[in-house]
Amino acid sequence: LFGYVGIEAVLDQMRVKTMKTGFEFNIMVVGQSGLGKSTMVNTLFKSKVSRKASQPGQEERIPKTVQLQSVTHVIEEKGVKMKLTVTDTPGFGDQINNENCWDPIIKYINEQYERYLREEILITRKRKIPDTRVHGCVYFVPPTGHWLRPLDLEFMRRLSKIVNVVPVIAKADTLTLEERAEFKQRIQQDLKAHAISVYPQEDFDEDPDDRLLNNVIREKIPFAVVGADQEHQVNGRRVLGRKTKWGIIEVENPTHCEFPMLRDLLIRSHLQDLKDITHNVHYESYRVRRLNESNR
Ligand code: GDP
Ligand code: MG
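Residues numbered from 1 in each chain as written. Chains lettered and ligands numbered in written order. Predicted model: local features only at pLDDT ≥ 70, side-chain atom pairs only at ≥ 80, totals over all residues. Heavy atoms only, no water.

Got a sec to walk through the site of ligand 1? Specific residues and values, please.
In the neighbourhood of ligand 1, 13 residues make up the surrounding shell, with Gly 34, Lys 37, Thr 39, Asp 173 and Gly 227 lying closest. Between an oxygen atom of ligand 1 and a main-chain N or O atom of Gly 36, the distance comes to 3.0 Å. Within the backbone of Gly 227, an N or O atom sits 2.9 Å from an oxygen atom of ligand 1. Contact with the protein chains hides 74% of the accessible area of ligand 1, taken as 580 Å² for the molecule alone. Of all the elements, helix H2 (residues 37-48) adds the most residues to the shell around ligand 1, at three residues. In the shell around ligand 1, the residues fall into two nonpolar, seven polar and four charged. (Near = heavy atom within 4 Å. Polar contact = N/O pair within 3.5 Å; in protein donor to acceptor, adjacent residues only side chain to side chain. Areas by Shrake-Rupley, 256 points an atom, 1.4 Å probe, with all protein chains shown as cover. Helix = DSSP H or I, 4+ residues; strand = E, 2+ residues; numbered from the N terminus. Nonpolar A, V, L, I, M, F, W, Y, C, P; charged D, E, K, R; others polar.)

If you had to explain the pattern of salt bridges to someone new, which residues and values would you point to?
This structure, assessed with the given rule, holds 21 salt bridges. Measuring nitrogen to oxygen at the nearest pair gives 3.0 Å for the salt bridge that ties Glu 119 to Lys 126. In this structure, the salt-bridge partner of Asp 205 is Arg 211, at a minimum N-O distance of 3.2 Å. Each of Glu 114, Arg 118, Arg 290 and Glu 293 takes part in a single network of salt bridges with overlapping partners. (Salt bridge = Lys/Arg side-chain N within 4 Å of Asp/Glu carboxyl O.)

Which residues make up the pairing of strand S5 (residues 165-169), and what values go with them?
With five of five residues buried, S5 lies mostly within the body of the structure. Judged by which residues are buried, S5 turns out to be covered on both faces: Val 165, Pro 167 and Ile 169 on one side and Val 166 and Val 168 on the other are all buried. As defined by bridge partners, strand S4 (residues 136-141) adjoins S5 across five bridges and the pair is classed as parallel. Within the sheet, the bridge partner assigned to Tyr 139 lies in S5 and is Pro 167. You can see the chain leave S4, run along helix H4 (residues 150-159) and come back into S5, and the turn it takes is right-handed. (Buried < 20%, exposed > 50% of the residue type's maximum accessible area, 1.4 Å probe, protein only. Pairing = 2+ DSSP bridges. Right-handed = clockwise from strand over helix to strand, strands pointing away.)

Run through the packing of aromatic side chains, naming residues and quoting values.
Scanning the entire structure with this criterion turns up four aromatic pairs. On the numbers, 5.1 Å between centres and 80 degrees between planes, the contact of Tyr 116 with Tyr 283 is edge-to-face. Within this pair, whereas Tyr 116 is found in helix H3 (residues 103-120), its partner Tyr 283 is found in helix H8 (residues 271-295), the two being separated by 167 residues in sequence. For Tyr 283, a relative accessible area of 1% gives the class buried. Between Tyr 139 and Phe 155 the ring centres are 4.8 Å apart and the planes differ by 20 degrees, which places this aromatic pair in the stacked class. Of this pair, Tyr 139 sits in strand S4 while Phe 155 sits in helix H4, placing them 16 residues apart in sequence. For the pair Tyr 139 and Phe 155, one class covers both residues: buried. Among the aromatic residues, those joined into a cluster by ring pairs are Tyr 113, Tyr 116, Tyr 283 and Tyr 286. A cation over an aromatic ring shows up here: Arg 133 above the ring of Tyr 116, its NZ or CZ 3.6 Å from the ring centre. Here Arg 133 stacks its cationic end above the ring of Tyr 283, 4.9 Å away from the centre of that ring. (Phe/Tyr/Trp six-rings, centres within 6.5 Å; stacked < 30°, edge-to-face > 60°. Lys NZ or Arg CZ within 6 Å of the ring centre and 35° of its normal.)

Go over the sheet that holds strand S3 (residues 80-88), please, and point to the residues and values.
Strand order in this open sheet of six strands is S2-S3-S1-S4-S5-S6, and the pairing throughout is mixed. Two strands in the sheet have a free side with no partner beyond their single neighbour: strand S2 (69-77) and strand S6 (223-224). Contacts from H3 reach strand S1 (23-30), S2 and S3, with the element oriented near 170 degrees to S1. (Contact = heavy atoms within 4.5 Å. Axes fitted to C-alpha atoms, helices over the stretch in contact; angles between N-to-C directions.)

Before we move on, can you summarise the nonpolar core with the specific residues and values?
Judged by nonpolar contacts, the single largest core of 73 residues is most densely connected at Ile 27, Ile 109, Phe 155, Met 156 and Leu 159. Sort the elements by how many residues they give to this core and H3 lands first, with seven residues. Excluding residues that lie within four positions of it along the chain, Ile 109 makes contacts with Met 28, Val 134, Leu 159, Ile 162 and Val 163. (Core = buried A, V, L, I, M, F, W, Y, C linked by side-chain atoms within 4.5 Å.)

Residues and numbers for the sheet that holds strand S8 (residues 237-244), please.
Spatially, three strands are ordered S7-S8-S9 in an open sheet, and the strand pairing comes out antiparallel. The two strands at the open ends of the sheet, each matched to only one other strand, are strand S7 (231-234) and strand S9 (247-250). The sheet shows a mean angle of 70 degrees between the axes of neighbouring strands, direction not considered. Of the pairings in the sheet, the one linking S7 to S8 comprises four bridges and is antiparallel in character. Bridge pairing in S8 links Val 234 to Arg 237.

See the structure below:
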């Protein structure tokens with residue numbers, strides 16, 4: 001009877017369904033002022049979306065970010081729509097007293113879980129609940145080349161319990177390749193020593209294949225990134241890059257920096273996994289906590 005199931009047909013149906021409904025994906029960038037967060041938001045969109053927006057050499061002044069601010073682009077590929085939203089945050093930890101400086105970030109993340117929960121518990125709920133939950137939080141580590149600061153550790157310790165944290169070494173062009181590699185190793189040791197579980201978390205690898213793939217990524221985290229929102233002419237090609245006295249650093253060139261790895265992890269290879277972990281782990285624990293509270 002079940003000699004031929006026709007999985008292919010099922011996959012086609014799933015594809016058609018995604019084409020109709022599209023999907024939402026939300027990222028947040030966090031870190032101290034001046035580490036290139038706003039620039040990175042533009043870099044992500046420019047490297048993904050059309051290039052026609054900017055003229056080469058034209059200065060695009062980025063105003064200082066003073067409040068949480070989201071930018072959304074709808075990206076369409078092969079008939080499937082992705083609504084990509086990146087939330088930029090004001091400088092974090094800029095004060096002399098940084099006690100509780102993570103509160104506004106945590107509040108925002110929880111508010112999105114709360115919104116989703118409220119829709120989900122309605123008796124007549126929407127077939128597709130709008131999803132503003134943060135699927136990945138990119139944390140910018142200042143390129144000191146030393147160790148993580150207590151503030152970095154404390155932030156990641158708290159945030160990794162409620163969201164997927166993806167740390168990056170900011171402005172990596174200010175470090176040599178050797179310095180980047182050394183700093184990366186120290187950060188990995190630091191995170192391990194403090195039992196801070198950043199994305200992709202070892203506990204959530206689903207099978208040995210996942211584990212192998214994610215081990216490779218874990219060795220490379222935090223990615224040493226460079227951001228740029230201007231284009232330059234290099235050998236007749238237009239590239240997104242930063243001009244320095246040694247030449248142009250091409251942000252999309254994997255031999256120049258690890259921005260391409262960050263982009264691929266977020267919006268290509270691990271997009272669905274980031275969404276799944278957000279829903280099944282982080283949102284789930286929020287939901288359980290909230291429903292327990294209201295039953296008391
Ligand atoms: P934010 O405060 O974290 O949002 O930082 P901005 O994106 O506003 O950038 C602050 C300054 O750093 C600007 O002058 C940027 O041009 C510069 N910048 C951004 N990204 C990089 C980078 O990867 N390397 C270097 N060297 N400078 C950067
Ligand atoms: Mg900013």
